[in-house]
Amino acid sequence: FQKVEELYLVQGMTPDIYRDVSPAVTVYTGGGVNLNTASARVLEALGLNSRLVNKILNFRLGPDSQPGTKDDGVFTDPELAISQLKTGAFISEDDVNSLRDLLEGGQLVVHSNCLKLHILARLGDTKTARWFGVVINSQPQHIEILDWQELL
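Below, the structure is looked at part by part. (Residues numbered from 1 in each chain as written. Predicted model: local features only at pLDDT ≥ 70, side-chain atom pairs only at ≥ 80, totals over all residues. Heavy atoms only, no water.)

**Let's talk about the pairing of strand β3 (residues 114-122)**
Now for step 1: By the bridge criterion, 9 bridges tie β3 to strand β4 (residues 129-139) in an arrangement that is antiparallel. By the bridge assignment for β4, leucine 117 is matched with valine 134.
Now for step 2: Hairpin connection, β3 to β4: the antiparallel pair is bridged by 6 residues, and glycine 124 has positive phi, about 55°. (Pairing = 2+ DSSP bridges. Helix = DSSP H or I, 4+ residues; strand = E, 2+ residues; numbered from the N terminus.)

Take a look at the structure:
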């Protein structure tokens, strides 16, 4: 697929199903799901149980349980992800094995070059504003816009 909207070409796809799944899928990926940004739904779709998914999400929120603050946890290296997670919470041997399999198989990664941004553009001092969704590929020394659209 070149665009997520091409899901409509799949037999049986309906507007309701599309609305439900489209926020959780992308065509811009190297194949792995980013452990630092994936939603609970995406992590569960990889086969992780809800208990482990909650531990991952809580690690990412940090001790204050607030997103976007200085104490947020960040998985920095696939080889260290399990030990980082173990530091703040007990995880079972089954959970360790599930994570290890996904990390070693490349289904889970800890960084990605493609980012989806939601941008609010306001025109001067007016109340006129527009929301845009932008997908960028961010490489060192180079940023490429892969897709953009005005959001309603």
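**A short note on the packing of aromatic side chains**
How two aromatic rings sit relative to each other is set out by the distance from centre to centre and by the angle between their planes.
Now for step 1: Per the counting criterion, the structure on display carries 3 aromatic pairs.
Now for step 2: Aromatic side chains phenylalanine 59 and phenylalanine 75 sit 4.4 Å apart centroid to centroid with 35° between the ring planes, which places their arrangement in the tilted category. Residue phenylalanine 59 is found in helix α3 (residues 50-61), and its partner phenylalanine 75 is found in the loop between α3 and α4 (81-88); the two are separated by 16 residues along the sequence. (Phe/Tyr/Trp six-rings, centres within 6.5 Å; stacked < 30°, edge-to-face > 60°.)

**Describing the pairing of β4**
Where a strand is regular, its side chains alternate between the two sheet faces.
Now for step 1: In this sheet, strand β5 (residues 142-151) lies alongside β4 in antiparallel orientation, the contact comprising 9 bridges. Within β5, the position partnered with tryptophan 131 by the bridge is leucine 151.
Now for step 2: The turn linking β4 back onto β5 is made up of 2 residues, and glutamine 141 within it adopts a positive phi angle of 70°.

**Concerning the nonpolar core**
Now for step 1: Of all hydrophobic cores here, the largest spans 20 residues; its most connected members are Leu43, Leu48, Ile56, Leu99 and Leu108.
Now for step 2: Residue assignment for this core shows that the elements contributing at least two residues are α2 (40-45), α3, α4 and α5 (93-104).
Now for step 3: Beyond its immediate chain neighbours, meaning those up to four positions away, leucine 48 contacts Leu43, Val53, Ile56, Ser98, Leu99, Leu102 and Leu108. (Core = buried A, V, L, I, M, F, W, Y, C linked by side-chain atoms within 4.5 Å. Buried < 20%, exposed > 50% of the residue type's maximum accessible area, 1.4 Å probe, protein only. Contact = heavy atoms within 4.5 Å.)

**Re the pattern of salt bridges**
Now for step 1: Inspection of the entire model under this criterion finds 5 salt bridges.
Now for step 2: The salt bridge partner of aspartate 147 is lysine 3, with a shortest N-O separation of 2.7 Å. You can see aspartate 147 sitting in strand β5 and its partner lysine 3 sitting in the segment before α1 (15-21), a full 144 residues away along the chain.
Now for step 3: Relative accessible area serves as the criterion here: at 17%, aspartate 147 is assigned to the buried category.
Now for step 4: Judged by relative accessible area, lysine 3 falls into the partly exposed class, the value being 36%.
Now for step 5: Residue glutamate 150 pairs with arginine 130 through a salt bridge whose shortest N-O separation is 3.0 Å. (Salt bridge = Lys/Arg side-chain N within 4 Å of Asp/Glu carboxyl O.)

Read these as layout, nothing more, since geometry by itself doesn't imply function.
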